Amino acid sequence: MNPRRQLDILTPVVRLRERRVEVARLEAIAARDALTAAEDALAARDRAVAAHDAALARLDAWFAEGLSGSVAMVETALARREMVAETRARDLDLREQERLAVQQAREDLDAALRTLVRAQGRFEAMSGQRDRARSALLARRDERQQQEIEELPIRRATR
């Protein structure tokens, strides 16, 4: 295949590969953002569980001091402790779900990065072929021009 035809074929392919790299790059950015959001949600859930642990520790310390106060106050504290324990249990379940979401987001990011690397490699390969075709075309043109320059004195002499 001559260099002109090869260049005509490869130019749109290179553009397509370049668009695919851009799409893969955007997908990798979205995956990175999703991972960041999932990690932030997990960190917030961890802080909530820690706050529940601190509240339980305060209530347990108050109970350990000898239950000073009215019956209503003790009942309120027991109800509060039960509510905090239930909320903590729900938050622990949600934390597990968020941990799995973080793991999935990491896998998605890894897949997106692999796709980006593959798209970049394909783009570079096609771009290299196009550049070689362009160089061959320019080399032929230069060769033709050089040949015309060399033949010019011969044509003048025959006139």
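An account of the accompanying structure is given in this report. Everything quoted here is computed from the prediction, not taken from an experiment. In this convention, every chain numbers its residues from 1, walking through the sequence in written order. For this predicted model, a pLDDT threshold of at least 70 governs which residues receive local features, and a threshold of 80 or more governs which side-chain atom pairs are given and counted, while totals over whole chains, interfaces and linings are taken from all residues. Heavy atoms from the whole structure form the basis of all side-chain values; hydrogens and water molecules are not counted.

**Concerning the overall build of the chain**
In step 1: Working definition: helices are DSSP H or I runs of at least four residues, strands are E runs of at least two. Numbering for both runs from the N terminus. Within the chain, the regular secondary structure consists of 2 helices and 0 strands.
In step 2: A compact globule built from 159 residues should have a C-alpha radius of gyration of about 15 Å, whereas the chain, at 35 Å, is more than 25% larger.
In step 3: In terms of overall dimensions, the chain has C-alpha extents of about 125 × 20 × 15 Å along its principal axes.
In step 4: The contact criterion used is simple: two residues touch if any of their non-hydrogen atoms lie within 4.5 Å. Residue pairs in contact within the chain that sit at least 24 positions apart in sequence constitute 85% of those at least 6 positions apart.
In step 5: Every accessible area reported is derived by Shrake-Rupley at a probe size of 1.4 Å, with residue values counting cover from the shown protein chains alone. In the structure as shown, the chain presents an accessible area of about 11300 Å², 54% of it carried by carbon and sulfur atoms.
In step 6: Positive and negative side-chain charges of the chain, numbering 30 and 28 respectively, have mean locations separated by a distance of 12 Å. Values of the radius of gyration come from C-alpha atoms, whereas the globule rule sets the reference at 2.2 Å times the count of residues to the power 0.38. The convention is simple: Lys and Arg are positive, Asp and Glu are negative, and His and the chain ends are not counted. Charge positions come from single atoms, namely NZ of Lys, CZ of Arg, CG of Asp or CD of Glu.

**Details of the nonpolar core**
In step 1: Note on terminology: a nonpolar core comprises buried Ala, Val, Leu, Ile, Met, Phe, Trp, Tyr and Cys residues joined through side-chain atoms within 4.5 Å. The rule is simple: take the accessible area with a 1.4 Å probe, protein chains only, and divide by the maximum for that residue type; under 20% is buried, over 50% is exposed, in between is partly exposed. Within the largest apolar cluster, 17 residues are counted, with the highest numbers of intra-cluster contacts made by Val21, Leu35, Val102 and Leu116.
In step 2: Broken down by secondary-structure element, the contributors of at least two residues to this core are α1 (3-64) and α2 (71-158).
In step 3: Take this core: its biggest share by element is 9 residues, from α1.

**Considerations on the pattern of salt bridges**
In step 1: Each reported salt bridge corresponds to a side-chain nitrogen of Lys or Arg within 4 Å of a carboxyl oxygen of Asp or Glu. Enumeration over the complete set of coordinates arrives at 12 salt bridges.
In step 2: Arg4 is the salt-bridge partner of Asp8, the closest N and O atoms lying 3.3 Å from each other. In this pair, Asp8 and Arg4 are both assigned in helix α1, 4 residues apart and thus about one turn of the helix distant.
In step 3: The class of Arg4 is partly exposed, set by a relative accessible area of 39%.
In step 4: The salt bridge partner of Arg32 is Asp33, with a shortest N-O separation of 4.0 Å.

**Focus: the environment of Ala85**
In step 1: Position of Ala85 among the secondary structure elements: in helix α2.
In step 2: Along the chain, Ala85 and Arg15 lie 70 residues apart, while their C-alpha atoms are 59 Å from each other.

**Here's the deal with α1**
In step 1: One fewer than the residue count of a helix, multiplied by 1.5 Å, yields its expected span. Its 62 residues give α1 an end-to-end C-alpha distance of 88 Å, which sits within 8% of 92 Å, the value for a rise of 1.5 Å per residue.
In step 2: At the exit of α1 stands Gly66, carrying a positive phi of roughly 120 degrees.

**Notes on the side chain of Glu98**
In step 1: Residue position: Glu98 is located in helix α2.
In step 2: For Glu98, a relative accessible area of 17% gives the class buried.
In step 3: If we ignore the near neighbours within four places in the chain, the residues touching Glu98 are Ala41, Leu42 and Arg45.

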